[in-house]
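# Tertiary structure, described
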Amino acid sequence: MNQNERICHEKTPKGIQTALDTLAMRKPALSSLVSAFGPVLVARAELTARLSENEIYKPDLPESEWVRFSKGVHLFAITGLMDFQQKFKQAAQMILPPMAAAFPGIRSDIEAIKSNIEDDSLDAGDCVQAFLQNNSRKIDALAARAHTRPDIFRFILAQIAEPFKEIQARAFSPLIEAHQWPHGHCPMCGSFPAVSGLIGEEGNRWLQCSVCAHEWRFRRHTCPRCENKDQDSLEYFFDQDSPVKDGERVSVCNVCNTYLLTIDLRKHIDPVNMDVAAMGMIGLETQAREKGYSPQAEMLWNLMQ
């Protein structure tokens, strides 16, 4: 994989906060959205900043596993996800308060889960193992113990796990540099992108994973979701009133009826964090949904749409 040209954007808590402040100033109508979900992005970044890539074991995989990788098996499916049991409680304490504020409809559930984690009514090891094993029976039992629904409990576990997936993806990034990945799903965790960036003189497209934030280069005129290459069924539209015009656009595929947010970073004028920039395109997302398209991957702020 060619890693020489990559998206350069802010991932530090301070940089993300600056991008949030700039977005709220440039688009005042989105101030409530920024206030609700911005703290979640900052909390994730603060947690990730406390984790060390150097502490993560990097396996020496045999060639047979790289053959599987080349055929589209993502790396975490081969290696497994890191065990974050020791830092689970700390992660919950950092992530769940802003999550509760962002999702008032399930605030009481989130606060109950947080309380049960803090007093060890929910054992960190049980929670992490249930998540890592995707064990529905265990998740149902843990959800019942926290007096919440299994789908809400699973959602909260996924939010707590995301920073650990991100730091593992960063640690594993050098492992895949010599290996081709022509697929539209993430080479690390297998999730789809919610946003892409165009960079360089030729406007090369890089996708950003909606879960682990890994970035990988992908063909510009191909749908990541279904890998459709028919140019007659691929379109895009943008906000004519935007100060960056088609620098912020929605790419749509009429085969799988999905959309992908696309940011031309050669034209963007603000401090850029890809998640914050995507948040600023919620109006274009709404238009895409009204036209009958679904997101290739959900972001927190459009889950309730």
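Attention in this report is confined to the structure presented alongside it. (Residues numbered from 1 in each chain as written. Predicted model: local features only at pLDDT ≥ 70, side-chain atom pairs only at ≥ 80, totals over all residues. Heavy atoms only, no water.)

## Quick word on the overall build of the protein
- Each helix and strand in the protein was counted, giving 11 helices and 7 strands.
- For the protein, the C-alpha radius of gyration of 19 Å lies close to 19 Å, the compact-globule estimate for 305 residues.
- Each principal axis of the C-alpha atoms in the protein carries an extent, and together these give about 55 × 50 × 35 Å.
- Expressed as a percentage of the 305 residues in the protein, the buried residues total 54%.
- Of all intrachain contacts in the protein linking residues separated by at least 6 positions in sequence, the fraction that spans at least 24 positions is 66%.
- Only carbon and sulfur atoms are counted for the fraction: they give 48% of the accessible area of the protein, which is about 13800 Å².
- For the protein, the centre of its 33 positive side-chain charges and the centre of its 39 negative side-chain charges are spaced 1 Å apart. (Helix = DSSP H or I, 4+ residues; strand = E, 2+ residues; numbered from the N terminus. Rg over C-alpha atoms; globule rule 2.2 N^0.38 Å. Buried < 20%, exposed > 50% of the residue type's maximum accessible area, 1.4 Å probe, protein only. Contact = heavy atoms within 4.5 Å. Areas by Shrake-Rupley, 256 points an atom, 1.4 Å probe, with all protein chains shown as cover. Lys, Arg positive; Asp, Glu negative; His and termini not counted. Charge placed at Lys NZ, Arg CZ, Asp CG, Glu CD.)

## Notes on the layout of surface pockets
- Of the pockets and cavities examined, the largest pocket occupies roughly 880 Å³.
- Lining the largest pocket are 37 residues, and of these Ala158, Gln159, Glu162, Ser210 and Val211 sit closest to its centre.
- The set of elements that each furnish at least two residues to the lining of the largest pocket consists of helix H2 (31–50), helix H4 (75–79), helix H7 (124–132), helix H9 (150–172), strand E2 (204–209) and helix H10 (274–279).
- In terms of residue class, the lining of the largest pocket is made up of 21 nonpolar, 7 polar and 9 charged. (1 Å grid on protein atoms, 1.4 Å probe; cavity = no way out; pocket = protein on both sides within 12 Å on 5 of 7 lines; lining within 4 Å. Points joined across faces, edges and corners; volume = space filled by probe spheres on them. Nonpolar A, V, L, I, M, F, W, Y, C, P; charged D, E, K, R; others polar.)

## With respect to the pairing of strand E1 (residues 193–199)
- The buried fraction of E1 amounts to 7 of the 7 residues, a majority that puts the element mostly inside the structure.
- Across 6 bridges, E1 lies against E2 in antiparallel orientation. When the bridges of E2 are listed, valine 195 appears paired with glutamine 208.
- In this antiparallel pair of consecutive strands, E1 and E2, the connection spans 4 residues, and glycine 200 shows a positive phi of 80 degrees. (Pairing = 2+ DSSP bridges.)

## Describing the packing of aromatic side chains
- The tally for this structure, following the rule as stated, stands at 10 aromatic pairs.
- Aromatic pair phenylalanine 76 and phenylalanine 172: ring centres 6.0 Å apart, planes at 80 degrees, arrangement edge-to-face. Remark: phenylalanine 172 occurs in helix H9 and phenylalanine 76 occurs in helix H4; sequence separation between them is 96 residues. An identical accessibility class is assigned to phenylalanine 76 and phenylalanine 172; each is buried.
- Aromatic rings pair up to connect Phe37, Phe103, Phe155 and Trp301 into one cluster.
- Note that arginine 225 overlies the ring of phenylalanine 192, its terminal NZ or CZ placed 4.0 Å from the centroid.
- Above the plane of the ring of tyrosine 236 lies arginine 249, whose end atom (NZ or CZ) is 4.3 Å from the centre. (Phe/Tyr/Trp six-rings, centres within 6.5 Å; stacked < 30°, edge-to-face > 60°. Lys NZ or Arg CZ within 6 Å of the ring centre and 35° of its normal.)

## Examining the side chain of histidine 183
- Its location among the elements puts histidine 183 in the loop between H9 and E1.
- Classification of histidine 183 as buried rests on a relative accessible area of 13%.
- Here glycine 72 takes part through its backbone nitrogen, which lies 3.4 Å from a polar atom of the side chain of histidine 183.
- Among all residues touching histidine 183, those that are not within four sequence positions of it are Phe69, Ser70, Lys71, Gly72, Trp216, Phe218 and Glu227. (Polar contact = N/O pair within 3.5 Å; in protein donor to acceptor, adjacent residues only side chain to side chain.)

## Here's the deal with helix H11 (residues 282–290)
- Every buried residue of H11 is accounted for by Ile282, Leu284, Glu285 and Ala288. In an axial view of H11, the angular spread of the buried residues amounts to 155 degrees, which keeps them on one side of the axis.
- Contacts from the buried residues of H11 go to H2, strand E4 (234–238), strand E5 (248–253), strand E6 (258–264) and H10.
- Once H11 ends, the next one or two residues include glycine 292, with phi positive near 100 degrees. (Arc of directions from axis to C-beta.)

## Focus on empty space enclosed by the protein
- What the rule picks out here adds up to 2 cavities of 30 Å³ or more.
- Residue lining of the second largest cavity: Ala194, Tyr259, Leu261, Glu285, Pro295, Gln296, Ala297, Met299 and Asn302, and that is the complete set.
- When grouped by side-chain class, the residues that make up the lining of the second largest cavity number 6 nonpolar, 2 polar and 1 charged.

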